[in-house]
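# Understanding the architecture of this molecule
So the chains spell out like this:
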Amino acid sequence: MGSKASCTTGGNHRSDYTGAAALLGNLPKAEWLLADRGYDADWLREASDDKGIQACIPGRKSRKKPVKYDTRRYKRRNRIEIMFGRLKDWRRVATRYDRCPETYLSAIALAATVLFWL
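All of the points below concern the structure found in this document. (Residues numbered from 1 in each chain as written. Predicted model: local features only at pLDDT ≥ 70, side-chain atom pairs only at ≥ 80, totals over all residues. Heavy atoms only, no water.)

### Here's the deal with helix α6 (residues 101-117)
Between its terminal C-alpha atoms α6 stretches 25 Å, which fits the 24 Å expected from 17 residues at 1.5 Å a residue. Along α6, the residues that are buried comprise Tyr104, Ala107, Ile108 and Ala111. With its buried residues spanning 100° around the axis, α6 presents them on a single face. Exposed positions of α6 whose direction lies more than 90 degrees from the buried face are Glu102, Leu110, Phe116 and Trp117. On its buried side, α6 packs onto α4 (78-87) and α5 (91-95). (Helix = DSSP H or I, 4+ residues; strand = E, 2+ residues; numbered from the N terminus. Expected span 1.5 Å × (residues − 1). Buried < 20%, exposed > 50% of the residue type's maximum accessible area, 1.4 Å probe, protein only. Arc of directions from axis to C-beta. Contact = heavy atoms within 4.5 Å.)

### Some remarks on the pattern of salt bridges
Within the structure shown, the criterion is met by five salt bridges. Measuring nitrogen to oxygen at the nearest pair gives 3.0 Å for the salt bridge that ties Arg63 to Asp42. With Arg63 in the loop between β2 (54-56) and α3 (71-75) and Asp42 in helix α2 (residues 42-50), this pair connects stretches of sequence that are 21 residues apart. The exposure class of Asp42 is partly exposed, given its relative accessible area of 44%. Members of the salt-bridge network, linked through shared partners, are Asp40, Asp42, Arg45 and Arg63. (Salt bridge = Lys/Arg side-chain N within 4 Å of Asp/Glu carboxyl O.)

### Here we look at the environment of Leu105
Of note, Leu105 is situated in helix α6. Sequence separation between Leu105 and Val93 is twelve residues; the distance between their C-alpha atoms is 8.8 Å.

### Focus: a nonpolar patch on the surface
A cluster of nonpolar side chains, namely Ile80, Met83 and Phe84, defines an oily patch on the protein surface of about 250 Å² accessible area. You can see Met83 is positioned in helix α4. Residue classification places Met83 among the partly exposed residues on the basis of a relative accessible area of 36%. (Patch = residues over 30% accessible without salt bridge, like charges linked within 9 Å, V, L, I, M, F, W, Y side chains within 5 Å. Areas by Shrake-Rupley, 256 points an atom, 1.4 Å probe, with all protein chains shown as cover.)

Below, the structure is given as structure tokens:
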């Protein structure tokens, strides 16, 4: 498991890699970047390579040239999915009651802290 680099909130109808562009400058030193097919973009792979981070992102089905990635490492990203599922058990986080991004992110931080200690 890694440590949190940064977090941002955005609109409902944004593509995944648009949000990744906002967080790209704040990436900590890491060996791997695990992401799902929604983040499959050549510029994201190149940017992670420039930072010395190997991208483990499967290619989209519509990609003409298949991309190589570590399938064993990619299968382990279910830990991240489980963590988001646990956070969504908190009704306040799942339905986003808070309109203010700072308040919403603080609710996520509180839920994550409680889940960590349970």
